[in-house]
Number of protein chains: 2
Amino acid sequence: MSQEPRYHEAERLAADLERIHELAEALLPHLPDEHAPVPPALPEAADRLNTLTAILHELHPADVATVLEHLPQKERALVWRLANPEEDGDVLLEVSEAVRESLIEDMDDAELVAAVEDMEADELAELADSLPQQVVAEVLKDWDDEERAQVQAAMSYRDDQVGAIMDFETVSVRADVSCEVVLRYLRRFDSLPDHTDKIFVVDDHDILQGVLPIRKLLVSDPDDLVENVMARDVVRFRPEDDAEEAAAAFERYDLVTAPVTDHNHKLIGRLTVDEMVDVIREEGETDMLNMAGLQEEEDLFAPVLRSVQNRWFWLAVNLFTAFVASRVINHFEHTIAQIVALAALMPIVAGIGGNSGNQTITMIVRAMAMGQLSGIQAMHLLKKEIGVALVNGVLWGSVMGVISYLLYHNTGIALVMVAAMTLNLLLAAVLGVMIPVTMEKFGKDPALGSSVLITAVTDSGGFLIFLGLATVFLI
Amino acid sequence: MSQEPRYHEAERLAADLERIHELAEALLPHLPDEHAPVPPALPEAADRLNTLTAILHELHPADVATVLEHLPQKERALVWRLANPEEDGDVLLEVSEAVRESLIEDMDDAELVAAVEDMEADELAELADSLPQQVVAEVLKDWDDEERAQVQAAMSYRDDQVGAIMDFETVSVRADVSCEVVLRYLRRFDSLPDHTDKIFVVDDHDILQGVLPIRKLLVSDPDDLVENVMARDVVRFRPEDDAEEAAAAFERYDLVTAPVTDHNHKLIGRLTVDEMVDVIREEGETDMLNMAGLQEEEDLFAPVLRSVQNRWFWLAVNLFTAFVASRVINHFEHTIAQIVALAALMPIVAGIGGNSGNQTITMIVRAMAMGQLSGIQAMHLLKKEIGVALVNGVLWGSVMGVISYLLYHNTGIALVMVAAMTLNLLLAAVLGVMIPVTMEKFGKDPALGSSVLITAVTDSGGFLIFLGLATVFLI
């Protein structure tokens, strides 16, 4: 199989997943404990176990990770047991954090030590938070001082900082040697670190002088000195820099790797594009989850109570804001008692405001990904959104006004409908700009619950405007 | 400046943007036409023009693109005029599609030809849809047959296919030569293509045999034959493959470049990670925009009417579904007339259903990014979501039941509230799974308007359940 051209990645992986799922599902009834599978007595089942094991051992660790994420709990436990233990560490690194915990819970300390002891320092640091303390201590015991220091350094940064995702596999040379010397030096390596697209050029004190792109090295005259070939204008990062900003820079400048230096410009590590791709993917996901009111990424097959934990907060907020909206309506009890049609029409005013507000807020949250909305720009946006709201309000308000008139034969209700829809769309536009801009100003993630918040405003606001106008003009 | 270490990318860019915005804003009153700026008479203003021009000429084209995206229309036109014309092509490639159109509208044919005539075939193909036909024809006239064929090939694929984003800058060697020969061959290039991390190994008919990673080439014995060093197990793509699936494969296997081959395994191009990063970024953005009911990415500073165009469709859908909900309420007019408190309580039932449904649907849309939810998994998810809905329904339903009792001193209303909230959360859970699964089954993007759809169901459903139960048990 490994000699076959690998076409249609997604189809192949989907087929593998389907196959694995079928085998695992058929096997489970024959295994008393999926956490410790013993070959079943039934020859057919034993065959299945062998086939499943063989498939799993041929898969790339990243594919095993994807398969584990897409399997229900029991099948996941079985597959995890049957996967190649030599690749356990790689799988743990690839799998989503939510699923990683469930895998680690299934392993004893000795297995965990075996899985992680051969990792790079940055990889161990990435897993360390999820691992039992005694496992980390056990592994570090056998490492040298430099590696221990690297793990501690990486762990001292927050997950959203460059320091937490950089690695330490830098290849560096001096500026005053020839390209020929560099090529001979590289040939002494067993293998170069992943993604090596440039060699770092440093002085005697490891101060970064520039970078030597491999694709320049390869076309240079062997006698050229590194200092004449290297690029001095280097996009570099500090370990305390924001990871999302670093990822945006990778995207803007099409980088594959970039040096990380400390305040004295000393080279201490590097960032690679594969980590940045993960940051970009997670950034989009987190915004989407946060807008919908989910606290964090969820294991699709997590136990019910764990999912409830992840969702209760924004549901509670929503319940509170719905309660406020309910009190607004209650305040107009007498108006509704006199014109019951208002009760039927009021959700339309609230609903269109919520939808329009969500459109505005989504667009702005997205545009803020770069953190680039100054106050003056916010004013421009506000003006534009108010314009859009006015057009939509008059347009759709009139449509609903006409329909209301046809239904209830009451010009007053129709006119209140037009006015209330326009005003609520304006409210949605103003708050749709103000909420994310304000959250950003106070250093909060503008995506966080923004959908719940804008809906709260347009619900309560919509009811207040509509019933208020009706009370003033129709009663 | 170019010799200074470049730290804190995002801060630097934000500062540049602020500076450019201030200069442009101060300049506009002194320029009769921002599309054709002439040096102003006032020395102070003339200085500002020079400063602004100098700043823009120092910026990386990708930074100029970012700045343009974040400036209001008039300032954008001015900045675009002052930017280095030699980099116009690169800027056009980097800006978002929405903004690209406004920039191209500002250029005449001669300027456009100058901007794009030196592009690679894949780059011209990317822009061709936005360019006037006569410009593309003019440019192609001076290109050779091979390049023309490449442009046509690239343009024959949809934007979401590998063929539309691959490039043609492949470096290839034969399997039966030594590494030393390869190194000498590479040295004859003026420069290697961007992102070259592997050399493609082909036979006499350009059939792909394997790849020779540069980092292997560099550590190999010069006398080793390529066929003994190259990797034969190659992740490869076909031009008709889905770009998002290719991007997912790049992410899973940490690729920098990958070959694109036709059905005969003939090498025809390559994919690079920088294009894949764009695909991943856009995928997340599109999902987010689609869920909120925006048809496509919007130029933040687009004219009002263009924004209205982008948003009207889902607003209309929302208006229609809100109208349906309104008719549901209208059906229970007599019930509400008897117990007006119901009008105040019903939005709570609808609201919590909408929020919970959005949580479920967001999680599933996100998980579907890989297209990996089989029917059996959908059943597992459905069971889990129903469990979560039951817990939340009983929990929050009881909270609201107690509060309703305290407000209205009516056990009937309180019990109807508990039952309606639980049932609407169950409805939200079922449809939150069913809507995206069904859309996926029919080949639709599961994110498309999913937020509007689930809210429609939980609104109408919530009103029907709550008012229906009230009519049966309380009247």
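Residues numbered from 1 in each chain as written. Chains lettered and ligands numbered in written order. Predicted model: local features only at pLDDT ≥ 70, side-chain atom pairs only at ≥ 80, totals over all residues. Heavy atoms only, no water.

Operational definition: UniProt positions are given in the numbering used here, feature names are shortened, and annotations may be inferred rather than shown by experiment.
Chain A is annotated in an unreviewed UniProt entry as Magnesium transporter MgtE of Conchiformibius kuhniae. As its UniProt record puts it under Function (unreviewed entry), chain A is described as follows: "Acts as a magnesium transporter." The record held by UniProt for chain A lists under Subunit (unreviewed entry) the comment "Homodimer."

So, the overall build of chain A
For clarity, the cut-off: For helices the rule is a DSSP run of H or I covering at least 4 residues; for strands it is a run of E covering at least 2, with both sets numbered from the N terminus onward. Atoms counted for the radius of gyration: C-alpha only. Globule rule: 2.2 Å times residue count to the power 0.38. Categorising residues by exposure relies on relative accessible area from a 1.4 Å probe, with only protein chains included: less than 20% of the type maximum marks a residue as buried, more than 50% marks it as exposed, and the intermediate range marks it as partly exposed. Note on contacts: a residue pair is in contact if any heavy atoms of the two residues lie within 4.5 Å. Accessibility throughout is a Shrake-Rupley quantity obtained with a 1.4 Å probe, and a residue counts as covered only by protein chains that appear here.
Looking only at helices and strands, one finds 22 helices and 5 strands in chain A. In terms of overall dimensions, chain A is more spread out than a globule: its C-alpha atoms have a radius of gyration of 30 Å, far above the 23 Å expected for 475 residues. Counting all 475 residues of chain A, 58% fall into the buried class. Once local pairs closer than 6 in sequence are excluded, the contacts in chain A between residues at least 24 apart make up 67%. In the structure as shown, chain A presents an accessible area of about 19400 Å², 53% of it carried by carbon and sulfur atoms.

Side note on the packing of helix α19 (residues 341-367) of chain A against helix α16 (residues 273-292) of chain B
Stated formally: Axis lines are fitted to C-alpha atoms, over the contacting stretch for helices. Their N-to-C directions set the angle, which ranges from 0 to 180 degrees. Working rule for angles: under 35 degrees goes down as roughly parallel, over 145 as roughly antiparallel, 65 to 115 as roughly perpendicular, anything else as oblique. Handedness of a crossing follows from how the near helix is turned relative to the far one, being left-handed for an anticlockwise turn of less than a right angle and right-handed for a clockwise one.
Packing of α19 of chain A against α16 of chain B leaves a shortest axis separation of 9 Å and a crossing angle of 165°. Of the possible angle classes, the one that applies to α19 of chain A and α16 of chain B is roughly antiparallel. Along this stretch, α19 of chain A crosses α16 of chain B, giving a crossing that reads as left-handed. Contact with α19 of chain A, carried on its side by Asn355, Asn358, Gln359, Thr362, Val365 and Arg366 of chain A, involves Glu285, Met288, Leu289 and Ala292 of chain B of α16 of chain B and no other residues of that element.

Looking at the environment of Leu382 of chain A
All names here are of chain A. Structurally, Leu382 is set in helix α20 (residues 375-408). Here the alpha-carbon distance between Leu382 and Leu431, two residues 49 residues apart in the chain, equals 9.3 Å. Those residues in contact with Leu382 that sit more than four places away from it in its chain are Ala429, Val430 and Val433.

A look at the UniProt feature "transmembrane region" (unreviewed entry) in chain A
All names here are of chain A. UniProt annotation of "transmembrane region" (unreviewed entry) refers to residues 312-329, 336-354, 386-407, 413-435 and 447-474 when read in the numbering used here. Secondary structure over residues 312-329 splits into 100% helix and 0% strand, and the C-alpha atoms at its two ends are 25 Å apart. Counting secondary structure, residues 336-354 comes out at 89% helix and 0% strand; the distance between its end C-alpha atoms is 22 Å.

Structural notes on unusual backbone geometry
Residue and element names in this part refer to chain B. Notably, Asp206 is not glycine yet its phi reads approximately 65°, a positive angle. In this fold, Asp206 is placed in the loop between β2 (198-202) and β3 (208-213). On the basis of relative accessible area, Asp206 is assigned to the partly exposed category, the value being 31%. Phi is positive for His265, close to 65°, though the residue is something other than glycine. Here His265 shows up in the loop between β4 (257-261) and β5 (267-272). His265 gets classed as partly exposed once you look at its relative accessible area, which sits at 26%.

A look at the pairing of β2 of chain B
Residues and elements named next belong to chain B. Selection criterion: For two strands to be treated as a pair, DSSP must find at least two bridges joining them. Every crossover in which the path from the first strand over the helix to the second runs clockwise, viewed with the strands pointing away from the viewer, is termed right-handed.
Burial of β2 is extensive: 5 of the 5 residues sit out of reach of the surface. Of the two faces of β2, the one lined by Lys198, Phe200 and Val202 and the one lined by Ile199 and Val201 are each fully buried. Of the pairings in the sheet, the one linking strand β1 (residues 172-173) to β2 comprises 2 bridges and is parallel in character. Bridged to Val173 within β2 is Val201. At this point the chain moves from β1, through helix α12 (residues 179-187), to the parallel β2, and the crossover so formed is right-handed. Here 5 bridges tie β2 to β3, and the two strands are oriented antiparallel to one another. Its bridge partner being in β3, Ile199 is matched across the sheet by Leu212. Between β2 and β3, which pair antiparallel in sequence order, lie 5 residues; one of them, Asp206, sits at a positive phi of approximately 65°.

Some remarks on the domain arrangement of chain A
Put simply, the rule reads: For each domain, the first and last residues come from an automatic or database assignment.
When the domains of chain A are assigned, the result is domain 1 (9-162), domain 2 (172-272) and domain 3 (304-474). Of note, the centres of domain 2 of chain A and domain 3 of chain A, computed from C-alpha atoms alone, are 52 Å apart.

Structural notes on the sheet that holds β2 of chain B
Pairing between sheet strands relies on hydrogen bonds along the backbone, with the strands arranged either parallel or antiparallel. Within the open sheet, the 3 strands sit side by side as β1-β2-β3 (chain B). Their pairing is mixed. Of all the strands in the sheet, the pair left with one neighbour each is β1 and β3 of chain B.

What to know about the packing of helix α21 (residues 411-441) of chain A against helix α22 (residues 450-474) of chain A
All names here are of chain A. Just so we agree on the cut-off: All residues other than Ala, Val, Leu, Ile, Met, Phe, Trp, Tyr, Cys, Pro, Asp, Glu, Lys and Arg, Gly among them, are scored as polar; the first ten of these are nonpolar and the last four charged.
Contact geometry of α21 with α22 gives a least axis separation of 8 Å together with a crossing angle of 150°. Judged by the inter-axis angle, α21 sits roughly antiparallel to α22. Both α21 and α22 take part in a crossing whose hand is right-handed. Counted by class, the contact of α21 with α22 contains 19 nonpolar, 6 polar and no charged residues.

Quick notes on the state of the cysteines
Definition in use: Here, a disulfide means two cysteine sulfur atoms that sit within 2.5 Å of each other.
In total, this model carries 0 disulfides over all chains according to the counting rule given. Among the cysteines around Cys179 of chain A, which has no disulfide bond, Cys179 of chain B carries the closest sulfur, lying 19 Å off.

Notes on the sheet that holds strand β1 (residues 172-173) of chain A
Pairing is mixed in the open sheet, where 3 strands are placed in the order β1-β2-β3 (chain A). Two strands lie at the open edges of the sheet, namely β1 and β3 (208-213) of chain A, each paired on one side alone.

Points about the relation of the copies chain A and chain B
To go from the first copy of the chain to the second, apply a rotation about an axis and then a shift along the same axis. Let me state the cut-off plainly: Copies overlap after least-squares fitting; the atoms used are the C-alpha atoms of residues with pLDDT of at least 70 in both.
For the pair chain A and chain B, the best superposition has an RMSD of 0.0 Å and corresponds to a rotation of 180° with a translation of 0.0 Å parallel to the axis. Taken together, the rotation and translation relating the two chain copies correspond to the operation of a two-fold axis. The rotation axis passes nearest to the C-alpha of Gly284 of chain A in chain A, at a distance of 2.5 Å. A high fraction, 100%, of the interface residues of chain A reappear at the interface in chain B, so the copies pair face to face through one surface.

Some details on a negative patch on the surface
Residue and element names in this part refer to chain B. The condition is simple: Without a salt bridge and with relative accessible area above 30%, a residue can belong to a patch; like charges are then joined within 9 Å and nonpolar side chains (Val, Leu, Ile, Met, Phe, Trp, Tyr) within 5 Å. In the sections that follow, a salt bridge refers to a side-chain nitrogen of Lys or Arg positioned within 4 Å of a carboxyl oxygen of Asp or Glu. Under the counting rule used here, the positive set is Lys and Arg, the negative set is Asp and Glu, and His together with the chain ends is not counted. The atom standing in for a charge is NZ when the residue is Lys, CZ when it is Arg, CG when it is Asp and CD when it is Glu.
Together, Asp90, Glu94, Glu97, Glu101, Asp129, Asp159, Asp278, Glu282 and Glu296 make up a negatively charged patch on the protein surface. Counting residues per element, the ones that place at least two in the negative patch are α5 (88-94), α6 (97-105) and α16. Relative to the elements of secondary structure, Glu94 occurs in helix α5.

Focus: the interface of chain A and chain B
Buried accessible area, meaning the area lost when the parts come together, often serves as the stated size of an interface. Applied cut-off: Here the quantity called buried area is the accessible surface, traced with a 1.4 Å probe, that two parts lose on coming together, added over both.
Contacts between the two partners involve 141 residues from chain A, matched on the other side by 141 residues from chain B. Counting each side, the surface lost to burial between chain A and chain B is near 13100 Å², with a carbon and sulfur contribution of 64%. Summed over the shared surface of chain A and chain B, the number is 12 salt bridges. In this structure, Lys384 of chain A and Glu298 of chain B form a salt bridge, with 3.1 Å as the shortest nitrogen-oxygen distance.

A word on the nonpolar core
What counts here: The nonpolar core is taken to be a set of buried Ala, Val, Leu, Ile, Met, Phe, Trp, Tyr and Cys residues, with the residues joined through side-chain atoms within 4.5 Å.
Among the nonpolar cores identified, the biggest contains 142 residues, and Leu271 of chain A together with Leu271 of chain B are the most heavily contacted of them. Core analysis: the second largest hydrophobic core is formed by 76 residues, Ile329 of chain A together with Ala341, Met400 and Ile413 of chain B among them.

Regarding the pattern of salt bridges
Within this structure, the stated rule accounts for 41 salt bridges over all chains. For Asp63 of chain A, the salt bridge goes to Arg252 of chain B, with nearest N and O atoms at 2.9 Å. One end of the pair, Asp63 of chain A, is in helix α3 (residues 61-69); the other, Arg252 of chain B, is in helix α15 (residues 243-253), on a second chain. Comparing Asp63 of chain A with Arg252 of chain B shows no difference in burial state: the two are buried. The shortest N-O distance in the salt bridge between Arg81 of chain A and Glu111 of chain A comes to 2.7 Å. One end of the pair, Arg81 of chain A, is in helix α4 (residues 73-82); the other, Glu111 of chain A, is in helix α7 (residues 109-116), with 30 residues separating them in the sequence. Given the relative accessible area of 28%, Glu111 of chain A is considered partly exposed. Three or more residues joined by partner-sharing salt bridges are found here, namely Glu298 and Arg311 of chain A together with Lys384 and Glu385 of chain B.

Thoughts on the side chain of Ser451 of chain B
Position of Ser451 of chain B relative to the elements: it lies in helix α22 (residues 450-474). Here Ser451 of chain B is in contact with Met291 and Asn358 of chain B, once residues within four sequence places are set aside.

Digging into the side chain of Thr458 of chain A
Residue and element names in this part refer to chain A. What counts here: Polar contacts, as counted here, are pairs of nitrogen or oxygen atoms within 3.5 Å of one another; within protein the pair requires one atom able to donate a hydrogen and one able to accept it, and residues that are adjacent in sequence qualify only if both atoms are side-chain atoms.
Along the polypeptide, Thr458 turns up in helix α22. Judged by its relative accessible area of 0%, Thr458 falls in the buried class. Of the polar contacts made by the side chain of Thr458, one reaches the backbone nitrogen of Gly354; its length is 3.4 Å. Setting aside anything within four residues of it in sequence, one finds Thr458 in contact with Ala350, Gly353, Gly354, Asn424 and Ala428.

Describing the packing of aromatic side chains
Within a pair of aromatic rings, the relevant descriptors are the distance that separates the centres and the angle that separates the planes. Residue and element names in this part refer to chain A. Selection criterion: Two aromatic rings from Phe, Tyr or Trp, using only the six-membered ring of Trp, form a pair when their centres are within 6.5 Å; if the ring planes differ by under 30 degrees the pair is stacked, by over 60 it is edge-to-face, and anything between is tilted.
Overall, the coordinates contain 8 aromatic pairs over all chains when judged by the stated rule. A centroid spacing of 6.1 Å and a plane angle of 25° characterise the contact between Phe237 and Phe250, whose relative ring orientation is stacked. Here Phe237 is found in the loop between α14 (226-229) and α15 (243-253), whereas its partner Phe250 is found in helix α15, with 13 residues between them in sequence. Here the two residues Phe237 and Phe250 agree in accessibility, since each one is buried. Measuring from centroid to centroid gives 5.8 Å for Trp312 and Phe313, while their planes differ by 85°, and the two rings are edge-to-face.

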